[in-house]
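As a plain string of letters, each chain reads:
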Amino acid sequence: MKMYFYYGVMGSSKTACALMKKFSFEEKNRKVALIKPSVDNRDGDNIVKSRVGLFCEAVTVNENESIMKIFSAGDKFDVIIVDEAQFLTVNQVNELRELTNTGIIVMCYGLKTDYMGNLFEGSKRLLEVSDSIREIQSMCKCGRKAIINARYNGNKIIYNGQQIDIGGNDKYIPLCYQCWEKGII
């Protein structure tokens, strides 16, 4: 089977795509596991929710938790879908890669880079080991392709700080590189 990494900036419908893919597989009688890293608790500890209102319960994974242990002790799944995959550890991505060898399709959805344009740990590893890498594109307000998840406060873009600061439209805006570099919100 294959491992897929679908990435895009915030607001590019990654989560909506993941939830629709889950529905599509289940409609074909496939057993699907939806998981998300526990650091993403915006919508509740075990809820994956898109901006368009789609939501579903998910298994949460702590950063020091083994994904292999979660899936070796229970039901056999045909597909594992991961939301917010950028927050996975290298070991967790490696475990997902191993699960593809057992016949499971693994589909990961997440950000490629942070608000400074740097790769997340999980995204870096997904780029290295995924069979298929696809961008879910979005547009900057100027009309160019958005590639940066700009963090902002008020009307100012923030260019330094901790890599992870969970938030949505209240903290981040998708921008092209030119608008991000010029500080245009």
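For the structure, check the block above.
For clarity, every value in this text was computed on a predicted model and none was experimentally measured.

Here is what the cut-offs are and how they apply
- Counting starts from 1 at the beginning of each chain's written sequence and moves along it residue by residue.
- Restriction of local features to residues with pLDDT of at least 70 applies here, the model being predicted, together with a cutoff of 80 or more for giving and counting side-chain atom pairs; totals for whole chains, interfaces and linings are based on all residues.
- Note: side-chain values were computed over all heavy atoms of the structure, leaving out hydrogens and water.
- Pairing of aromatic rings covers Phe, Tyr and Trp, the last counted by its six-membered ring, and requires centre-to-centre distances within 6.5 Å; plane angles under 30 degrees mean stacked, over 60 mean edge-to-face, and any other angle means tilted.
- Here a helix means four or more residues in a row that DSSP labels H or I, a strand means two or more in a row labelled E, and each is numbered from the N terminus.
- Each residue is assigned to one of three classes by its accessible area relative to the maximum for its type, calculated with a 1.4 Å probe on protein chains only: buried under 20%, partly exposed between the two thresholds, exposed over 50%.
- Note on pairing: two strands pair once DSSP finds at least 2 bridges between them.
- Every angle, taken between N-to-C directions, lies between 0 and 180 degrees, and every axis is a line fitted to C-alpha atoms, over only the stretch in contact when it is a helix.
- A contact between two residues is defined here by any heavy atoms of the two lying within 4.5 Å.
- In this analysis, a patch consists of residues with relative accessible area above 30% that form no salt bridge, clustered at 9 Å for like charges and at 5 Å for the nonpolar side chains Val, Leu, Ile, Met, Phe, Trp and Tyr.
- Only the protein chains shown count as cover for residues, and all accessible areas are computed by the Shrake-Rupley method using a 1.4 Å probe.
- By definition here, a salt bridge exists when the distance from a side-chain nitrogen of Lys or Arg to a carboxyl oxygen of Asp or Glu is within 4 Å.
- For the charge count, each Lys or Arg is scored as positive and each Asp or Glu as negative, with His and the chain ends excluded.
- Just so you know, the charge point we use is NZ for Lys, CZ for Arg, CG for Asp and CD for Glu.

1. A look at the packing of aromatic side chains
What characterises a pair of aromatic rings is the spacing of the ring centres plus the angle enclosed by the ring planes. With the rule as written, the count across this model stands at seven aromatic pairs. With a centroid separation of 5.7 Å and an interplanar angle of 85 degrees, the aromatic rings of Phe87 and Phe120 are classed as edge-to-face. Highlighted residues: Phe87 in the loop between strand 6 (79-82) and helix 3 (90-100) and Phe120 in the loop between strand 7 (105-110) and helix 4 (121-129), separated in sequence by 33 residues. Exposure class is identical for Phe87 and Phe120. Each is buried. A ring pair is formed by Tyr177 and Trp180, whose centres lie 5.3 Å apart and whose planes are at 50 degrees; its orientation type is tilted. With Tyr177 and Trp180 both in helix 5 (residues 177-182) and three residues apart, the pair spans about one turn of that helix. A network of ring pairs unites the aromatic residues Tyr4, Tyr6 and Tyr109 as a single cluster.

2. Considering the sheet that holds strand 5 (residues 59-61)
Read from one edge to the other, the open sheet built from six strands follows the order 5-2-6-7-1-8, with strand pairing classed as parallel. Since the sheet does not close on itself, it has two edges, and those belong to strand 5 and strand 8 (132-135), each with one partner. Geometrically, the sheet is characterised by an average inter-axis angle of 20 degrees between neighbouring strands, direction not taken into account. Relative to strand 8, strand 1 (residues 3-7) runs parallel, the two sharing four bridges. Looking at the pairing, Tyr6 lines up with Arg134 of strand 8. Contacting strand 1, strand 7 and strand 8, helix 4 crosses the sheet at an angle of about 130 degrees to strand 1.

3. As for a positive patch on the surface
Taken together, the side chains of Lys2, Lys21, Lys28, Arg30 and Arg134 define a basic patch exposed on the protein surface. Relative to the assigned elements, Arg134 resides in strand 8.

4. Considering the pairing of strand 1
For strand 1, the buried fraction is high: five of the five residues fall into the buried class. The alternating pattern of strand 1 places Met3, Phe5 and Tyr7 and Tyr4 and Tyr6 on opposite faces, both of which are buried. Across five bridges, strand 1 lies against strand 7 in parallel orientation. Opposite Tyr6, over in strand 7, you have Tyr109 as the bridge partner.

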